Amino acid sequence: MAATTMRREIELVSPTRQWVMGILFVILGAAIWFFFSRSIIEPGTLTKFGMTIGGATATIPDITVPSLLTLNILAALCIGLGIIQIVKPRGFGRYTNWVLGAVAAMFVLAFLTWAAAGKSINLAGLANTTLLKAVPLTLGALSGILCERSGVVNIAIEGMMLMGAMVASLVASVTDSLWLGLLAAVMASAMLGVVHGVLSIKYKTNQIISGTAINIFSIGLTSYISARFLQVNQQELNTPGVFPPIEIPLLSSIPFIGPILFNKNVLVYALFALLVLIHVGLYYTRWGLRMRSVGEHPRAADTLGINVFRTRYISVLLGSMVAGIGGAYFTIGSVSGFDEVMTAGRGFISLAAMIFGNWNPFGSFGAGLLFGFSDSIASRLAILGVKIPSEFLLMTPYIVTMIVLAGVVGRSKMPAADGVPYEKEGG
Amino acid sequence: MSDEKPQSEEKPQEKDAAQIFIEEVIAGPAGGQSRGRRILSSLAVPVLAIFTGLLLGGVFIILTSPQFYEALQVSVVQGIKTAWEILVVSYGALFIGAFGSPSEILAALTSGDTAALREALYPFFESLVAATPYIFGGLSVALGFRVGLFNIGAEGQLFMGAIFATYVGYSITGLPMFIHMPLAFLAGALGGALWGFIPGFLKARTGAHEVINTIMMNYIAFRLSDWLLNGPMQRPESFNPVSPNIMDSAKLYRFFQDPIRFHLGFFIALLMAWLVYWLLWKTKWGFSLRMVGLNPRAARYAGVSVAMGIILGMTLAGGLAGMAGTNEVLGVNYYMAQAFSSGYGFDSIAIALLGNSHPAGVILSALLFGALRNGATNMQLAAGIPIDIINILQAMILVFIAAPAIIRTIYRLREPAEGEEEGLVTSWGGD
């Protein structure tokens, strides 16, 4: 644990990063003023935020704010934080990432205030769809984390999710049991995981090729079965139904976030549980320490008596199972039915979320929320009459991932032995 | 995977024949093989991979056919008979769809009716048309592999190429064909090259891995084309996301009358294959590029700029993939539609690997995949087998190529001597 976290922390407080971050905060603040504040000409324009999701009983009243004033305050806050970051010795130090999160949130809020100036926007509804869209992305990212922390690159998340989605729909429709559907999705995805594991661990195949093969295979198989069976007999084979939402007493009556977080179906709760489990598992258990050491320095791990191959097999298997849950979410967690290629590249956004979240469970959940947000706001832009084409918002996950990967805003650090097949010495 | 189990019962008969054939080919002393022997033995794994892929695909088709189970309930013999019939009908339709029906071609030849002959030869030429973008795409990925880069972004580069070519194709008017067509083609190559340059540059300057960046660039290209085709580049008075038609002067020349769509692009693709071969194996530049791919550290000591090699490699690879999209617009569709490519980018990876990242190999495997893809359309119409079977075949072939040990185990082939097999790409984290 020591070596990696040390390096990560050292990187967080490097001087270059300090001023790059500071400048970024200032730029974001200036952008709020330049693009948003100045475009509001009419004095007294108000923005109304809806605070209750559709169907829920209102716990807090909707909020109406003066648009221009709000924008200017947000801009000033961002610029102020930026200046502190630059001027103060070491800036915000290890809290920089939290400040970055806060600035990003303020920028988003400013964007919404501006977009809905003179109109209203349902903040609760937006938060709700953001979470729902983040669920499969984060599950996919968790799958990637499990695989890659042990040193096996998994670009087959897309294929595994697609397989999980199809199998879940098919099995749940045939057996009339959503739980069996979920189980089958996990098993099917695990089977792909076994293939990926055997190819990349035993046969030492290039892991990207192996992942690509699995992706192509899954697209082919799911579309084939869909065209041959599911589409022909929709009623019996492709109508699985959806897990019903379960309201958690007490928690669900928390104002604003209660109905959003605690009145969801079991797959969403599974995500919350997995987040905590994997975080604790990775950083506070012997299993996690071993797994990470295998991903960082397999030879050293081997010398200490850790079975590198077994550790990697288990990680890939667990990872693919998590991807299977993510896949099941598409069919039995949200829309009740499989469409050909319905994951539509979300497996690859998961990959982006994993990188953006720096191979950390909660980091990638944050990234998943960000990407989910850009996805859910994109569909509302037209309604609000904003001139920005929604396609550009949909590009943001990919662009920010490239920026993060290039190390412009703090570098994300992949496990050192990621993607390198392990060979025993003399074996 | 349980679907594939019964195949083990069928295999023994198959294995014997193949085994004898392979032993014929491989037999003899390991050292001092003749050039012909070497080529043959290097063909063994790809050929067997294709064969095994088709075999497993056949098993899969049988296992997903309801008729098979119905017949099986009657008797086992009936089941086997039906299985054989399904196989013959499906793969027969695949063959006829890919090459045309021999009897029709013969009849057309004897009758001397040119229209009928064109109709009869149409499938064959259509396979060539389908193979053309595969050659470009396969070359793109193969070139990347040779420079030690994994260009998983051929799809996005293809989109950018198509966008650029389409724009030049319809917006510029009044040019003669011999200027407009090459101009549009080069614009397309440029669009792809730009999309390859960015991840190449990022890798060279910051070490950001090209696999992730090219994946991201793919989706940026998709969204960009979505926006363009729904906005600035949308055909006037159209509600569909399609571009205007390109000018006649920008179209690639078609050699025959309708329905045959065989066009100049095929020969441009062959030319490009030769150019890639020439560049990589006959020039100093190409030598240093391959050195970057084989051993970047050694290249650095030898005074080769690894960064330049990476940037150049990705740019050229992008340009080639851009040509694939250009070819589709200027030679086949004459306009660009949303999501017009059916995964050529990912297929290209399979093609490059099957062709051992060599231009000649790429041409051969592109022809194979073109024929398969084209034949599968007919298989869907005639035998009701969804076209997606092609992806399944492709994935299996890819696995067998990528893990030759599997094929060697199945067919008991000799292990290659140390150093005989070239490594393809440097790994994810390693440099």
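Residues numbered from 1 in each chain as written. Chains lettered and ligands numbered in written order. Predicted model: local features only at pLDDT ≥ 70, side-chain atom pairs only at ≥ 80, totals over all residues.

Participant: Is there a simple way to explain the overall build of chain A in this structure?
Facilitator: A tally of helices and strands in chain A yields 17 helices and five strands. A globule of 427 residues ought to have a C-alpha radius of gyration of about 22 Å, and chain A, at 23 Å, matches this closely. Seen through its C-alpha atoms, chain A measures out along the principal axes to roughly 70 × 60 × 40 Å. For chain A, with 427 residues in total, the buried portion stands at 51%. Considering only contacts in chain A between residues 6 or more positions apart, those separated by 24 or more positions represent 77%. (Helix = DSSP H or I, 4+ residues; strand = E, 2+ residues; numbered from the N terminus. Rg over C-alpha atoms; globule rule 2.2 N^0.38 Å. Buried ≥ 20, exposed ≤ 12 C-beta atoms within 10 Å, placed from the backbone. Contact = placed C-beta atoms within 7 Å.)

Participant: Looking at this structure, I do not really get the overall build of chain B. What am I missing?
Facilitator: From N to C terminus, chain B includes 17 helices and zero strands. When each of the 431 residues of chain B is scored for burial, the buried share is 52%. Sequence separation of 24 or more characterises 76% of the internal contacts of chain B that already satisfy a separation of 6 or more.

Participant: In this structure, what is going on with the interface of chain B and chain A? I would like to understand it.
Facilitator: How big an interface is tends to be expressed through the accessible area that disappears when the partners come together. Taken residue by residue, the interface counts 41 residues in chain B and 43 residues in chain A. Listed by contribution, the elements that provide at least two residues to the side of chain B that touches chain A are α8 (177-206), α9 (210-230), α14 (344-354), α16 (389-402) and α17 (404-411) of chain B. Counting residues per element, the side of chain B that touches chain A draws most heavily on α9 of chain B, which supplies 11 residues. Here the residues of the side of chain B that touches chain A sort into 29 nonpolar, nine polar and three charged. (Nonpolar A, V, L, I, M, F, W, Y, C, P; charged D, E, K, R; others polar.)

Participant: Could you clarify how one ought to interpret the nonpolar core in this entry?
Facilitator: The nonpolar side chains of a soluble globular protein tend to be buried, and buried together. A168 of chain A together with I135, L139 and L398 of chain B are the most contacted members of the largest nonpolar core, which has 231 residues in total. Examining the composition of this core, we find that 15 residues originate from one element, helix α6 (residues 114-146) of chain B, more than from any other. Filtering out sequence-adjacent residues up to four positions away, L139 of chain B remains in contact with M272, A273, V276, L320, P359 and V362 of chain B. One finds L71, M106, A116 and A117 of chain A within the second-largest nonpolar core, a separate group that totals 20 residues. (Core = buried A, V, L, I, M, F, W, Y, C linked by C-beta atoms within 7 Å.)

Participant: Honestly, the pairing of strand β1 (residues 46-50) of chain A in this entry has me stumped. Any pointers?
Facilitator: On a regular strand, each side chain points to the face opposite its neighbour's, so the side chains alternate between the two faces of the sheet. For β1 of chain A and strand β2 (residues 63-66) of chain A, the ladder comprises four bridges, and the chain directions are antiparallel. Paired with T47 of chain A across the strands is V65 of chain A, a residue of β2 of chain A. (Pairing = 2+ DSSP bridges.)

Participant: For this particular structure, what's the right way to read the confidence of the model for chain A?
Facilitator: Regions with low pLDDT should not have their predicted coordinates read in detail. The predicted model of chain A averages 84 in pLDDT, with 93% of residues at 70 or higher. pLDDT under 50 marks residues 1-12 of chain A. Its contacts with residues more than four places away, or in other chains, come to nine contacts. (pLDDT = per-residue confidence, 0-100.)

Participant: Honestly, the packing of helix α12 (residues 286-296) of chain A against helix α14 (residues 308-335) of chain A in this entry has me stumped. Any pointers?
Facilitator: Pairs of packed helices are described in terms of their axes, by the angle between the two and the distance that separates them. Residues and elements named next belong to chain A. Contact pair α12 / α14: the axes reach a minimum separation of 10 Å and the direction vectors enclose 105°. In this view, α12 runs roughly perpendicular relative to α14, as classed from their interaxial angle. Here R290, M291 and V294 of α12 come into contact with α14, specifically with V308, T311, R312 and S315. When grouped by side-chain class, the residues that make up the contact of α12 with α14 number three nonpolar, two polar and two charged. (Axes fitted to C-alpha atoms, helices over the stretch in contact; angles between N-to-C directions. Parallel < 35°, antiparallel > 145°, perpendicular 65-115°, else oblique.)

Participant: Whenever I open this one, the sheet that holds β2 of chain A confuses me. Can you help?
Facilitator: Strands in a sheet are paired, the pairing made by backbone hydrogen bonds, and the direction either parallel or antiparallel. Residue and element names in this part refer to chain A. Spatially, three strands are ordered β2-β1-β3 in an open sheet, and the strand pairing comes out mixed. Of all the strands in the sheet, just β2 and β3 (120-122) have a single pairing partner and so form its edges. Between one strand and the next, the sheet's axes are offset by a mean angle of 20°, whatever the strand orientation. Against the sheet, helix α3 (residues 67-87) engages β1 and β2, with an angle of about 75° to β2.

Participant: Is there a simple way to explain unusual backbone geometry in this structure?
Facilitator: Peptide bonds are, in most cases, trans, and in most cases residues other than glycine have a negative phi. Unusually for a residue other than glycine, K204 of chain A sits at a positive phi of about 55°. In this structure, K204 of chain A sits in the loop between α7 (178-202) and α8 (207-230). Of note, the phi angle at N356 of chain B is positive, near 55°, even though the residue is not glycine. As for its position among the elements, N356 of chain B is in the loop between α14 and α15 (359-383).

Participant: Honestly, the confidence of the model for chain B in this entry has me stumped. Any pointers?
Facilitator: All names here are of chain B. For chain B, the mean per-residue pLDDT works out to 83, and 87% of the residues sit at or above 70. Taken together, the stretch residues 1-32 has pLDDT below 50 and engages in 27 contacts with residues farther than four places along the chain or on a different chain. Counting interchain partners and residues more than four positions distant, the pLDDT-below-50 stretch residues 418-431 has 26 contacts. The complex prediction reports pTM at 0.84, with the ipTM value standing at 0.81.

Participant: Help me out: how do you make sense of the environment of I260 of chain A in this one?
Facilitator: Residue and element names in this part refer to chain A. Among the secondary structure elements, I260 is positioned in helix α10 (residues 257-261). The exposure class assigned to I260 is buried, which follows from the 21 C-beta atoms found within 10 Å. Distance from I260 to G29, taken between C-alpha atoms, is 29 Å for residues 231 residues apart in sequence. With residues up to four places along the chain from it excluded, the contact list for I260 reads I53, A124, A127, N128 and L131.

Participant: Looking at this model, I keep getting lost on the packing of helix α7 (residues 154-171) of chain B against α14 of chain B. Mind explaining?
Facilitator: Residues and elements named next belong to chain B. As a packed pair, α7 and α14 sit with axes 7 Å apart at the nearest point and diverge in direction by 130°. One way to sum up the angle between α7 and α14 is to call them oblique. Classified by chirality, the crossing of α14 by α7 is right-handed. The residues of α14 that touch α7, namely those facing A154, E155 and L158, are Y344, G345, F346 and S348. Tallied by class, the residues present in the contact of α7 with α14 amount to four nonpolar, two polar and one charged. (Left-handed = near helix turned anticlockwise from the far one by under 90°.)

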